[in-house]
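Coordinate analysis (summary)
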Amino acid sequence: QVQLAESGGGLVQAGGSLRLTCVASGSIFSLDVMAWYRQAPGKQRELVATIGTGGSTKYADSVQGRFTISEDNAKNTVYLQMNSLKPEDTAVYYCARRRSWSDRYGDWGQGTQVTVSS
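Criteria and thresholds
Residues numbered from 1 in each chain as written. Predicted model: local features only at pLDDT ≥ 70, side-chain atom pairs only at ≥ 80, totals over all residues. Heavy atoms only, no water. Helix = DSSP H or I, 4+ residues; strand = E, 2+ residues; numbered from the N terminus. Buried < 20%, exposed > 50% of the residue type's maximum accessible area, 1.4 Å probe, protein only. Contact = heavy atoms within 4.5 Å. Polar contact = N/O pair within 3.5 Å; in protein donor to acceptor, adjacent residues only side chain to side chain. Phe/Tyr/Trp six-rings, centres within 6.5 Å; stacked < 30°, edge-to-face > 60°.

**Some words on the environment of Ser56**
- Looking at the secondary structure, you find Ser56 in the loop between β5 (46-51) and β6 (57-59).
- When its relative accessible area of 42% is taken as the criterion, Ser56 is described as partly exposed.
- Each C-alpha atom of the pair Ser56 and Ser27 lies 19 Å from the other, and the pair is 29 residues apart in sequence.
- Excluding residues that lie within four positions of it along the chain, Ser56 makes contacts with Thr50 and Ile51.
- Only 3.3 Å separates the side chain of Ser56 from the backbone oxygen of Thr53, close enough to count as a polar contact.

**Looking at the packing of aromatic side chains**
- Under the criterion given, the structure shown has four aromatic pairs.
- With a centroid separation of 5.5 Å and an interplanar angle of 80°, the aromatic rings of Tyr37 and Tyr105 are classed as edge-to-face. With Tyr37 in strand β4 (residues 33-39) and Tyr105 in the loop between β9 (91-98) and β10 (107-108), this residue pair connects regions lying 68 residues apart in the sequence. Comparing Tyr37 with Tyr105, the two get one shared label, buried.

Nothing here speaks to function; it is geometry throughout.
Structure representation (structure tokens):
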């Protein structure tokens, strides 16, 4: 099990950018899948982006072309670069890890708030 700590959230105007960082206290292994989720008030948690084996990435349709997930395995860190932010991107953003043998994300961070003003 690892401890995940997110940072980089804040208040930004629509059209602006933020970069979220997730640092793992332990090692992130090459077969792990790392993800960013978000949850807006009154809504279900939503999968935003994943990065898996060989750096393969997937994105929710709502962020495709605006957000980029990346990782630095040497630093046990995952990033989410968010550009062209919209008010509907406002949410608490969570970092999560899924082990290769599991079908669920078992390790979660505490989240970081992102607020986009119009």
